[in-house]
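Here is what each chain is made of, one letter per residue.
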Amino acid sequence: MAEAKIPKATAKRLPIYYRYLNILFNAGKQRVSSTELSEAVQVDSATIRRDFSYFGALGKRGYGYDVESLLNFFKKTLNQDRLTNVALIGVGNLGHALLNYNFRQTNSVRISAAFDINEEIANTIQSGVPVYPMAEMKEQLQIQQIDVAILTVPIEDAQKVADELVTAGVKGIMNFTPIRISVPTTVRVQNVDLANELQTLIYFLDHYGSENTDN
Ligand code: ATP
């Protein structure tokens, strides 16, 4: 597959490009220059040109990039043309916030089921998402064909719940707990440690000021 060759850093910028191109497209714009894009998405134009060359999109001098064809390419690459249902495990403070947020700015992912061990919250609907007891997790994941889960349980339960998710056949876990969970190599984990991210930001500000060298 062509996408397999796209570097990780480039792949990370894809959703940013996609969102902005969508705005341009909806506004009726047919083309965009890398300079214009650069200002809007805050990525330098040389990086944009290099990124886009991986997609086989070579902007024409004095013309820029064709918005619609780029958008179609990104749609396919990002699977924006299909809806992925995702589960959330642990409807505490962070879990609630994510249910309420529910990735509304994209049409391609949504949390369609949540699970919690607490009997008071199980069998309720939170922010429009049904919350099931843990005993029903495996069955619901299968019925709803969910293979991605967001993990927002307490640290001490993270590994145990991750094991349950793996047993239930989940292929990807977005881990919001600060511990590194162990999973088989067939399962992918994306760690989102919010406290760590914030501390990293503060560290960089303290040591290097606000000058951005990480484009
Ligand atoms: P809150 O103040 O609402 O408890 P929190 O995010 O600080 O918020 P945590 O103790 O981190 O709460 O728990 C998050 C959620 O995970 C809670 O709703 C809790 O019931 C649920 N939870 C705890 N253990 C498990 C488990 N083993 N499986 C599924 N859910 C769990």
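To keep things clear, this report deals only with the structure shown in the data block. Predicted model, so just to flag it, every value in this text is computed and none were measured.

1. Examining helix H5 (residues 93-101)
At step 1: Considered for burial, the residues of H5 that qualify are Gly-95, Leu-98 and Leu-99. The buried residues of H5 all sit within an arc of 100° when viewed along its axis, so they share a single face.
At step 2: Those residues of H5 that are buried are in contact with strand S3 (84-89), strand S4 (109-116), strand S5 (124-126), strand S6 (129-133) and strand S7 (148-151).
At step 3: Two residues or fewer after H5 comes Asn-102, characterised by a positive phi angle close to 40°.

2. Examining the sheet that holds strand S8 (residues 172-175)
At step 1: The sheet built from seven strands is open, its strands ordered S5-S6-S4-S3-S7-S8-S9 with mixed pairing. This sheet does not close on itself; its edge strands, each paired only once, are S5 and strand S9 (188-191). Recorded for the sheet is a direction-independent mean angle of 30° between the axes of neighbouring strands.
At step 2: In terms of strand pairing, S8 meets S9 through four bridges, oriented parallel. Of the residues in S9, the one forming a bridge with Gly-172 is Arg-188.
At step 3: Across the sheet, helix H7 (residues 155-167) lies against S3, S7 and S8, angled at about 170° from S7, the strand it touches most.

3. Considerations on the side chain of Thr-47
At step 1: Positionally, Thr-47 belongs in helix H3 (residues 45-54).
At step 2: Since its relative accessible area comes to 4%, Thr-47 is described here as buried.

4. Section: the site of the ligand
At step 1: Close to the ligand lie 14 residues, the nearest being Val-91, Asn-93, Asp-116, Pro-154 and Asp-157.
At step 2: Gly-92 places a main-chain nitrogen or oxygen 3.4 Å from an oxygen atom of the ligand.
At step 3: The contact in question runs from an oxygen atom of the ligand to an N or O atom on the backbone of Asn-93, over 2.9 Å.
At step 4: Within the complex, the protein chains bury 67% of what would otherwise be the 620 Å² of accessible surface of the ligand.

5. Quick notes on unusual backbone geometry
Residues apart from glycine generally show negative phi values, whereas peptide bonds are mostly found in trans.
At step 1: In this structure, Ser-127 is a non-glycine residue whose phi angle is positive, near 50°.
At step 2: Locating Ser-127 in the fold gives a position in the loop between S5 and S6.
At step 3: Even without glycine at this site, Gln-145 takes up a positive phi of about 50°.
At step 4: Judged by relative accessible area, which is 70%, Gln-145 ranks as exposed.

6. Some thoughts on the side chain of Asn-85
At step 1: One can find Asn-85 in strand S3.
At step 2: Residue classification places Asn-85 among the buried positions, given a relative accessible area of 18%.
At step 3: In terms of polar contacts, Asn-85 uses its side chain to reach the side chain of Arg-110, at 2.8 Å.
At step 4: Contact partners of Asn-85, with chain neighbours within four places excluded, come to Arg-110, Ser-112, Gln-144 and Ile-146.

7. Concerning the nonpolar core
At step 1: In this structure, Ile-89, Phe-115, Leu-141, Leu-151, Leu-165 and Ile-173 are the most contacted members of the largest nonpolar core, which totals 21 residues.
At step 2: Of all elements in the fold, only S3, S4, helix H6 (137-143), S7 and H7 reach the threshold of two or more residues within this core.
At step 3: For this core, the element with the most residues is H7, which contributes four residues.
At step 4: The residues contacting Leu-165, other than those within four sequence positions of it, are Ile-89, Met-137, Leu-141, Ala-149, Leu-151, Val-170 and Ile-173.
At step 5: With 18 residues, the next largest nonpolar core counts Leu-14, Leu-37, Val-67 and Phe-74 among its residues.

8. Here's the deal with helix H1 (residues 8-26)
At step 1: The terminal C-alpha atoms of H1, which comprises 19 residues, lie 28 Å apart, in line with the 27 Å expected from a rise of 1.5 Å per residue.
At step 2: At Leu-14, H1 shows its maximal bend, which comes to roughly 30°, and the proline Pro-15 appears one to four places after that position.
At step 3: For H1, the complete set of buried residues consists of Thr-10, Arg-13, Leu-14, Tyr-17, Tyr-18, Leu-21 and Leu-24.
At step 4: Buried-residue contacts for H1 involve strand S1 (31-32), helix H2 (34-41), H3 and helix H4 (67-77).

The rules behind these values
Residues numbered from 1 in each chain as written. Predicted model: local features only at pLDDT ≥ 70, side-chain atom pairs only at ≥ 80, totals over all residues. Heavy atoms only, no water. Buried < 20%, exposed > 50% of the residue type's maximum accessible area, 1.4 Å probe, protein only. Helix = DSSP H or I, 4+ residues; strand = E, 2+ residues; numbered from the N terminus. Arc of directions from axis to C-beta. Contact = heavy atoms within 4.5 Å. Pairing = 2+ DSSP bridges. Axes fitted to C-alpha atoms, helices over the stretch in contact; angles between N-to-C directions. Near = heavy atom within 4 Å. Polar contact = N/O pair within 3.5 Å; in protein donor to acceptor, adjacent residues only side chain to side chain. Areas by Shrake-Rupley, 256 points an atom, 1.4 Å probe, with all protein chains shown as cover. Core = buried A, V, L, I, M, F, W, Y, C linked by side-chain atoms within 4.5 Å. Expected span 1.5 Å × (residues − 1). Bend = angle between axes of the 7 residues up to and from the residue.

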